[in-house]
Amino acid sequence: KKLTVNAFIYALLWSIGSHIDRDSRLRFSSWVQQASHQNQFPLLKRFANLPTTGNMYDYRWNAQDLAWRPWRLDGEHEAALQQFTPAVEDSSMESLLVRSTETVALLSLMTYLHHARHPTMLFGPSGGGKTALARYFLSSLDPEHSVTAVISTNARSTNPEIQSALEVPLELKSGRLYAP
């Protein structure tokens, strides 16, 4: 039950938290923590050992050791992030990825979704770092197992322009495998 209750809390936090602004996210996190500690929901009190410091969005549920852990990059992503972050003198602003709890959380979630073969969609205001995050993630994939393409669009892109960019000529690589 501990695994199920904590996995449910994790899913609840991100299903709601991904759609609300930061202030509302902090209030929702605080409410979940208070509900757990004040025995408003007996299953939470009994099976969920939620963190008492910080907010719930600073943590992830680790099903292997049945514990809430702070978001951190593992060694592989840490090395890739260092490689992706260019030296200041030869960088442009759109190529920078600022390391924060939120970018680490998003990269981890994108990795989980990728391994489970689920699509990922990033949305938000202009200048929020979606492109830098997506480029970093794509650059961290194994080129032996992944083929990526970057298609630039903007608010003025028309449907035919996007469709023509997506319709990249494919060639038969082997058997039934097609690739750009």
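Residues numbered from 1 in each chain as written. Predicted model: local features only at pLDDT ≥ 70, side-chain atom pairs only at ≥ 80, totals over all residues. Heavy atoms only, no water.

Peer 1: Summarise the overall build of the protein; cite the residues concerned and give the values.
Peer 2: Within the protein, the secondary structure is distributed over seven helices and four strands. Put simply, the protein has 180 residues, and 28% of those count as buried. Sequence separation of at least 24 residues holds for 47% of the intrachain contacts in the protein that already meet a minimum separation of 6. (Helix = DSSP H or I, 4+ residues; strand = E, 2+ residues; numbered from the N terminus. Buried < 20%, exposed > 50% of the residue type's maximum accessible area, 1.4 Å probe, protein only. Contact = heavy atoms within 4.5 Å.)

Peer 1: So what's going on with the nonpolar core? Residues and values would help.
Peer 2: Core analysis: the largest hydrophobic core is formed by 20 residues, its most contacted members being Ile 9, Tyr 10, Leu 13, Trp 14, Leu 50, Trp 68 and Trp 71. For this core, the elements supplying multiple residues, two or more each, are helix H1 (2–17), helix H2 (22–37), helix H3 (42–47), strand E1 (59–62) and helix H5 (101–115). At five residues, H1 tops the list of elements feeding residues into this core. Excluding anything up to four places from it in sequence, Trp 14 contacts Tyr 57, Trp 71, Ala 105 and Leu 109. Formed by six residues, the second largest nonpolar core is a distinct cluster that contains Leu 107, Leu 133, Tyr 136 and Phe 137. (Core = buried A, V, L, I, M, F, W, Y, C linked by side-chain atoms within 4.5 Å.)

Peer 1: Could you give an account of the layout of surface pockets, with specific residues and numbers?
Peer 2: Considered as a void within the structure, the second largest pocket measures approximately 850 Å³ in volume. Lining the second largest pocket are 24 residues, and of these Lys 130, Ala 134, Arg 135, Leu 138 and Ala 149 lie nearest its centre. Breaking the lining of the second largest pocket down by element, the ones donating at least two residues are H5 and helix H6 (130–140). No other element matches the six residues that H6 contributes to the lining of the second largest pocket. Classifying every residue of the lining of the second largest pocket by side-chain character gives 13 nonpolar, eight polar and three charged. (1 Å grid on protein atoms, 1.4 Å probe; cavity = no way out; pocket = protein on both sides within 12 Å on 5 of 7 lines; lining within 4 Å. Points joined across faces, edges and corners; volume = space filled by probe spheres on them. Nonpolar A, V, L, I, M, F, W, Y, C, P; charged D, E, K, R; others polar.)

Peer 1: Got a sec to walk through H1? Specific residues and values, please.
Peer 2: Between its first and last C-alpha atoms H1 spans 22 Å; for 16 residues at 1.5 Å apiece the expected length is 22 Å, and the two agree. Those residues of H1 not exposed but buried are Val 5, Asn 6, Ile 9, Tyr 10, Leu 13, Trp 14 and Gly 17. What you see down the axis of H1 is that its buried residues fit within an arc of 160 degrees, all on one side. Exposed positions of H1 whose direction lies more than 90 degrees from the buried face are Thr 4 and Phe 8. (Expected span 1.5 Å × (residues − 1). Arc of directions from axis to C-beta.)

Peer 1: So what's going on with the packing of aromatic side chains? Residues and values would help.
Peer 2: Evaluated as defined, the whole model comprises four aromatic pairs. With a centroid separation of 6.2 Å and 15 degrees between ring planes, the pair formed by Phe 28 and Trp 31 is classed as stacked. Highlighted residues: Phe 28 and Trp 31, both in helix H2, separated by three residues, approximately one helical turn. Take Phe 28: its relative accessible area is 15%, and that puts it in the buried class. Its end group placed over the ring of Tyr 57, Arg 25 keeps NZ or CZ at 5.5 Å from the ring centre. (Phe/Tyr/Trp six-rings, centres within 6.5 Å; stacked < 30°, edge-to-face > 60°. Lys NZ or Arg CZ within 6 Å of the ring centre and 35° of its normal.)

Peer 1: A description of the pairing of strand E2 (residues 67–70) should follow, citing residues and the corresponding values.
Peer 2: As paired strands, E1 and E2 are joined by four bridges and run antiparallel to one another. Following the sheet pairing, Tyr 59 is matched in E2 by Pro 70. The antiparallel hairpin formed by E1 and E2 contains four residues in its connecting segment, where Leu 66 sits at a positive phi of about 50 degrees. (Pairing = 2+ DSSP bridges.)

Peer 1: How would you sum up the pattern of salt bridges? Please name residues and give values.
Peer 2: Tallied over the entire structure, the rule returns one salt bridge. With a shortest N-O distance of 2.7 Å, Arg 69 and Asp 65 are connected by a salt bridge. A relative accessible area of 37% means that Asp 65 is categorised as partly exposed. (Salt bridge = Lys/Arg side-chain N within 4 Å of Asp/Glu carboxyl O.)

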